[in-house]
Amino acid sequence: MSAEAADRVAAVASSRPSTPLQTSWFEFLLDGSLLEKHLKKANPDPTPVQLIVQFLEQASKPSVNEQNQVQPPVDNRRNRTLKLLALEVAAHMKWDLDVLEKGLTIPVLNMLLNELLCVSKVPPGVKHVDLDLSTLPPTTAMAVVIYNRWAIRTIVLSSFPEKQTKPGPHQMNVINILQQEKEMTENILAVLKEQANDSISVLEGALQLKKDFYVHTLRTLDLLAADTAANGETESSTAGLCISADELHCQVHYDVGGIFFHQGCTDQTAYQKARDHFRQTKDLLKKLDSTVHVHLDEKRLAGYWNACKALTEDCDSDSQTTAYDQINSLIRAHNYQAVIEAFIRDNVTHSLPNHFRQSVLREFLYKVQQGESGLDEVCHKLCICNAIRDSLEGEVLSVRFQQLLLKPNKWMVDFILEVCTLSLEKEHLSETLRRKIGNFIKTLCENLEELPLLFVVSSHKLFIELLKEEERKVLMEQMRKKSATINLSAKPLPSFYDIPASATVNIGQLEQQLILLLEPRKIRQTLIELHGLAERSYWKVNNKWEVPPDYINVILSIKDNLTKDLVYILMAKGLHCISIKDFAHARQLFTACLKLVTEFSPKLRQVMLNEMLLLEVRAHESMTAEGSKERPPPDLVSRVRGYLEMRIHDVPLRQVVGEECVTFMLNWRENDYLTLQVPPSLVMNNPYIKLGQLLASTCKELPGPKESRRTAKELWEVVVQICSVSIQHKRNSDGRLSLIKHRESSMGILQRSKFITFIKKIREPLVLTTLISLLVRLHSIVRDDIVNEVTAEHLSIWPSSIPNLQAVDVEAVAVTVTELVSYALTLNSNNQSWLITQADIYFVTNQYSAALNIYLQAGAVCSDFFTKVVPSDVYSDQVAVLCQFLREVDYMTAFKALQEQNSHDAMDSFYDYIWDVTILEYLTHIHHKRGETEKRQIAMKAIGQTELNTSNPEEVLQLAAQKRKKRFLQAMAKLYF
């Protein structure tokens, strides 16, 4: 290159604006002060949310051992620092969930908040609902609140429709990544939904705390990174960013109100709870001088508030009555004529937004769909009122109104003209509004085919006043042509496709109808109309319509587009109805789908038969959960067996059908069938059937422990593998590692979250007891604590060691056993064995108050509320009084407990319940030694009771002890429940 050319290139390069290089993630590791400087920039590149993703991606990279095997990420200083950097970015954003939710996917945000729980020292393996927030350090309590706020917000946000992403050509790797992320998201959502009630309880507990809250800042997180000695400061009562109680309560009330509103569609009482929380939100917003830490959408809050008032018939919540309230009150009072009159008046005042008016019409249409009679005319009149309002605002007329004009009559035309007249009764009516109504009259004339009705319109004063002379002449000429050429009695009604309106608007309105419809015949008719307007895939209209991935290829291979749409939508709507336990509509939709596919596809016919079997299984299990004792009909049991024995090739099978058939058979004690008659091929290919067979075999052989060891050992190995950790990383198209973490065994049998979902469908006590026993033994081995053992039945049948102990996820085992025992107790809260197991779990995790509560429940259950003797094996070494319950009185523990001067157990009030003279003598001694005269007198009085005299006969002393045991335990029970 010549010198001149080089100069020209340099000149061009220097004339271009230079783009600063993006700061790389590793630079923040090298310079501890760089992050804060970077975040203070006006437009930092990368952005805060991008930094969070980069830090967590790098921290979760796998390691490779000497045998070239992929291992979980190493817990070293580098990775801990990266995680802490991600948290510091979130702290800089002041933990604003609105911003974090918009910028981060659910899996990434889940990882971030779990790291927050970890660094905030939330006790691992303990359910948040079992924590007492008032006793936790402020930043720890706040971490729990933030996580559970995110949990319920994510459930609500996931229910909103989203536009589907459409990758372009040659992007199969993108599709695979999206599918993986979707599966991860679904797994997380499934867990969050299962724990929704626990999250609500945690947040309701936070609302009881009246003190200020503190959340981690950059500084407190830096202190955590510095060294352990500095960590005391991060746990002090004023460490971190202060958030006032009112600010946090305002935000929590809003979030909890949102989840209750979301639950209202299946539980009407939830709307009442939502309304109460939204009222508190509104009151606190008025009270707060500053809302810097409150992030909520006030317009959405207003919408929630109006909806709750309408749904709960709350008429006195506000001193002012809004237009919304008036309409809702009229609907509740069944004063439908007044509703119509209000809509006509609103055509003048425009005080009600269009979407509200449309929602009122949809509510009436829904009432008609549900079989409520006498509302057809009301629906027609409201539709006319809305159409005239649309005209006044320059909107295109709705499809529903244009369908109404296909079958007009005299009263309808008269009502249209009456509403038009009343809608123009305004003092200063603009020429624009007059012109819009004139155009509406003109459109009406063009759509009417019957001459008598046309003459009604043309003779009305509005026709003369609002239309220009030329327009009137053209319309009259058209009328004369119609009278000369058309035989009105013979002419059929115009088809739907003759409607002169915007096709795009019509399609949108018909798609909205399609989303709402549940009747198969109407769904089919709407699809026919849509395909007549435009040939496209209407199964994509609503991204909440989902059919199982196992079936998607079979359905999308249907050549006829209308049939494809119909099959997909009928199945998706049926599955949705099952999910909300609307089994009647689900049967209608599935029956119609079965009838349709039988005509052309044996494969889809079998698919629908399988789905209808799952529907009936869930319907029967739902009845059982609600208290029904009725056994399933023999036909249903036979169909379940038929499914488990099915050997039809090339038919896509959903694992969940096999899963629920297995739990159905376990719940109805069909152990012999599961053990002996299920085909080996199904056992090998379906992990749920494998689990079911092992559980059935183990339960069947439980009376003989020696004989059951072989199947018990096999079941043990499967569960150990499920609770072992294996982290798989997928590389994206841009070379970055995606955050894909899941637990899977070497057999690939099941993820732990799916295992928990499976066992929570089991109701049979013996099966649950077996699983609890297995997990308790596994929990004891991984905890390696020989002092504090958790007890359960049948522990002797399980192995006493694990070859590869390091691979077992200790926290996963702890959470699984806790969730399983809690679930079992929801089915039978009086099962003594389960109660003692739960109490032991609380005890070994240092939750002594909760443990004592459950121990007392166990004692109450087995002694008819302490009117009988509590079996000696129920209680273990508790404080002072309970130490007397042991076969050998534990004086060492008792004396140690009594020496504690900072005791919170009001010890002197329980002296009347102590029957062991040695303990009472020791009490007298220590009170004398401490100079506690009054307490010494109480102890002396207790020891001086004649029935405790050691010279008394043994039966008198036993009677005295039993009397005090009963009174003591009843007193304790009153304190706890």
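Residues numbered from 1 in each chain as written. Predicted model: local features only at pLDDT ≥ 70, side-chain atom pairs only at ≥ 80, totals over all residues. Heavy atoms only, no water.

## Examining the nonpolar core
Turning to step 1, where the next piece is worked out: Ranked by internal contacts, the top residues of the largest apolar core, which has 81 residues, are I52, L104, L112 and L133.
Turning to step 2, where the next piece is worked out: Residue contacts for L104: discarding those within four places in its chain leaves V49, I52, V53, L109 and L112.
Turning to step 3, where the next piece is worked out: Core analysis: the next-biggest nonpolar cluster, separate from the first, contains 76 residues, L694, A696, A712 and F755 among them. (Core = buried A, V, L, I, M, F, W, Y, C linked by side-chain atoms within 4.5 Å. Buried < 20%, exposed > 50% of the residue type's maximum accessible area, 1.4 Å probe, protein only. Contact = heavy atoms within 4.5 Å.)

## As for the confidence of the model for the protein chain
Turning to step 1, where the next piece is worked out: Of the residues in the protein chain, 80% have a pLDDT of 70 or more, and the chain-wide mean is 79.
Turning to step 2, where the next piece is worked out: Note on residues 1-18: pLDDT is under 50 here. Beyond four places in sequence and across chains, it has two contacts.
Turning to step 3, where the next piece is worked out: Within the model, pLDDT remains below 50 along residues 165-172, and this stretch shows three contacts once partners closer than five positions in the same chain are excluded. (pLDDT = per-residue confidence, 0-100.)

## Side note on the pattern of salt bridges
Turning to step 1, where the next piece is worked out: On inspection of all chains with the given rule, the structure shows 33 salt bridges.
Turning to step 2, where the next piece is worked out: Here E621 ties to R763 by a salt bridge, and the two come within 3.1 Å at their closest N and O atoms. Of this pair, E621 sits in helix α31 (residues 602-625) while R763 sits in the loop between α38 (752-759) and α39 (765-783), placing them 142 residues apart in sequence.
Turning to step 3, where the next piece is worked out: As a salt-bridge pair, K761 and E659 come within 3.2 Å of each other at their nearest N and O atoms. In this pair, K761 is assigned in the loop between α38 and α39 and E659 in helix α33 (residues 655-667), connecting sequence segments 102 residues apart.
Turning to step 4, where the next piece is worked out: Residue classification places E659 among the buried residues on the basis of a relative accessible area of 4%.
Turning to step 5, where the next piece is worked out: By sharing partners, the salt bridges in this structure join D98, E101, R149, R153 and D255 into a single network. (Salt bridge = Lys/Arg side-chain N within 4 Å of Asp/Glu carboxyl O. Helix = DSSP H or I, 4+ residues; strand = E, 2+ residues; numbered from the N terminus.)

## Here's the deal with the packing of aromatic side chains
Turning to step 1, where the next piece is worked out: In this structure the tally under the stated criterion is 11 aromatic pairs.
Turning to step 2, where the next piece is worked out: For the pair F278 and Y304, a centre-to-centre distance of 4.6 Å together with 15° between the ring planes defines the contact as stacked. A residue pair is termed long-range when its members are at least 10 positions apart, and F278 in helix α14 (residues 269-287) and Y304 in helix α15 (residues 298-312) qualify at 26 residues.
Turning to step 3, where the next piece is worked out: Through pairs of rings, three or more aromatic residues link up here, namely Y254, F261, Y271, F278 and Y304.
Turning to step 4, where the next piece is worked out: Sitting over the face of the ring of W668, R763 holds its NZ or CZ atom 5.4 Å from the ring centroid. (Phe/Tyr/Trp six-rings, centres within 6.5 Å; stacked < 30°, edge-to-face > 60°. Lys NZ or Arg CZ within 6 Å of the ring centre and 35° of its normal.)

## Remarks on unusual backbone geometry
Turning to step 1, where the next piece is worked out: A positive phi angle, near 65°, is found at K581, a position not held by glycine.
Turning to step 2, where the next piece is worked out: Considering the arrangement of structural elements, one finds K581 in the loop between α29 (561-579) and α30 (583-598).
Turning to step 3, where the next piece is worked out: Here K581 falls in the exposed class, since its relative accessible area comes to 54%.
Turning to step 4, where the next piece is worked out: Even without being a glycine, R669 presents a positive backbone phi close to 55°.
Turning to step 5, where the next piece is worked out: Counting through the fold element by element, R669 comes out in the loop between α33 and α34 (671-676).

## Side note on the packing of helix α19 (residues 376-392) against helix α22 (residues 431-447)
Turning to step 1, where the next piece is worked out: Two elements in contact, α19 and α22, have axes separated by 8 Å at closest approach and are oriented at 130°. Comparing the axis directions of α19 and α22 gives the class oblique. Once α19 is placed against α22, the crossing between them reads as right-handed. For the pair formed by α19 and α22, the contact residues are A387, I388, S391 and L392 on the first element and L433, K436, I437 and F440 on the second.
Turning to step 2, where the next piece is worked out: Its residues assigned to classes, the contact of α19 with α22 comprises six nonpolar, one polar and one charged. (Axes fitted to C-alpha atoms, helices over the stretch in contact; angles between N-to-C directions. Parallel < 35°, antiparallel > 145°, perpendicular 65-115°, else oblique. Left-handed = near helix turned anticlockwise from the far one by under 90°. Nonpolar A, V, L, I, M, F, W, Y, C, P; charged D, E, K, R; others polar.)

## Some points on the side chain of S833
Turning to step 1, where the next piece is worked out: On the secondary structure map, S833 appears in helix α41 (residues 832-844).
Turning to step 2, where the next piece is worked out: Its relative accessible area of 18% is what places S833 among the buried residues.
Turning to step 3, where the next piece is worked out: Here E793 takes part through its side chain, which lies 3.1 Å from a polar atom of the side chain of S833. (Polar contact = N/O pair within 3.5 Å; in protein donor to acceptor, adjacent residues only side chain to side chain.)

## Considerations on the packing of helix α16 (residues 323-332) against helix α18 (residues 354-369)
Turning to step 1, where the next piece is worked out: For the pair α16 and α18, the least separation of the axes is 12 Å and the interaxial angle reads 10°. Looking at the two axes, α16 sits roughly parallel to α18. When α16 is examined against α18, the residues Y324, I327, N328 and I331 are found in contact with a partner set consisting of F356, V360, E363 and F364.
Turning to step 2, where the next piece is worked out: Residue composition of the contact of α16 with α18, by class: six nonpolar, one polar and one charged.

## Let's talk about the environment of L417
Turning to step 1, where the next piece is worked out: Note that L417 resides in helix α21 (residues 410-423).
Turning to step 2, where the next piece is worked out: Relative accessible area serves as the criterion here: at 3%, L417 is assigned to the buried category.
Turning to step 3, where the next piece is worked out: If we skip the residues at most four places from it in the chain, L417 touches I441, V456, V457, H460 and L462.

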